[in-house]
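# Structural characterization, general
These are the residues of each chain, in order.
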Amino acid sequence: MKNKNKDLEDADILLNLHEISVNSLDTFWSSGCSGRVSFFIECQTEHGYCEDPRFQGKIKILDATKCDENGVYLLKVKFDKEED
């Protein structure tokens, strides 16, 4: 039996995500861009070390809210993990 607080799967792996960085844009156009993306994931949790998650799939934006702080946006996302 899996511990729901320790064995995060599918979209739940985003709970340990702290940062997404877009690096080395290969191409860009009026409605998008393409390039390398890096994810910073907190690996040490109160339950111990978490394994490296696979982020192959799509992260969909469900809601975007502009915050009072200049240049800050709050995104509500859904991760559709691509099956192995």
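Just above, that's the structure.
Quick look at the structure, then. (Residues numbered from 1 in each chain as written. Predicted model: local features only at pLDDT ≥ 70, side-chain atom pairs only at ≥ 80, totals over all residues. Heavy atoms only, no water.)

### With respect to the overall build of the chain
Along the chain, the regular secondary structure elements total 0 helices and 6 strands. Along the chain, helices (α) and strands (β) appear in the sequence β-β-β-β-β-β when read from the amino end. Taking all 84 residues of the chain together, 8% fall into the buried category. Restricting to contacts in the chain with at least 6 residues of sequence separation, those with at least 24 account for 28%. Of the roughly 7300 Å² that the chain leaves accessible, carbon and sulfur atoms contribute 48%. (Helix = DSSP H or I, 4+ residues; strand = E, 2+ residues; numbered from the N terminus. Buried < 20%, exposed > 50% of the residue type's maximum accessible area, 1.4 Å probe, protein only. Contact = heavy atoms within 4.5 Å. Areas by Shrake-Rupley, 256 points an atom, 1.4 Å probe, with all protein chains shown as cover.)

### Structural notes on the pattern of salt bridges
By the definition in use, this model includes 3 salt bridges. The shortest N-O distance in the salt bridge between Lys60 and Asp80 comes to 3.2 Å. Note that Lys60 is positioned in strand S5 (residues 57-66) and Asp80 in strand S6 (residues 73-81), a separation of 20 residues in sequence. Exposure remark for Asp80: the relative accessible area of 25% places this residue in the partly exposed category. One salt-bridge network, in which partners are shared between bridges, spans Lys60, Lys78 and Asp80. (Salt bridge = Lys/Arg side-chain N within 4 Å of Asp/Glu carboxyl O.)

### Brief notes about a nonpolar patch on the surface
Among the surface-exposed residues, Ile20, Val22, Leu25, Phe28, Val37, Ile59, Ile61, Tyr73, Leu75 and Val77 lie close enough to one another that they form a single nonpolar patch of about 950 Å² accessible area. Following the sequence through the fold, Phe28 ends up in strand S1 (residues 17-29). (Patch = residues over 30% accessible without salt bridge, like charges linked within 9 Å, V, L, I, M, F, W, Y side chains within 5 Å.)

### A word on the pairing of S6
Strand direction decides the pairing type here: S5 and S6, joined by 9 bridges, are antiparallel. What sits directly across from Lys60, in S6, is Lys78. Counting the residues in the hairpin turn of S5 and S6 gives 6 residues, including Gly71, whose phi is positive at 75°. (Pairing = 2+ DSSP bridges.)

### Side note on unusual backbone geometry
We note that Ser24 has phi near 50°; this positive angle belongs to a residue other than glycine. We classify Ser24 as partly exposed; its relative accessible area is 45%.

### Let's talk about the pairing of S1
Sheet analysis places S1 next to strand S2 (residues 32-41), joined by 10 bridges and oriented antiparallel. Directly across from Thr27, in S2, lies its bridge partner Ser34. What sits between the antiparallel neighbours S1 and S2 is a turn of 2 residues.

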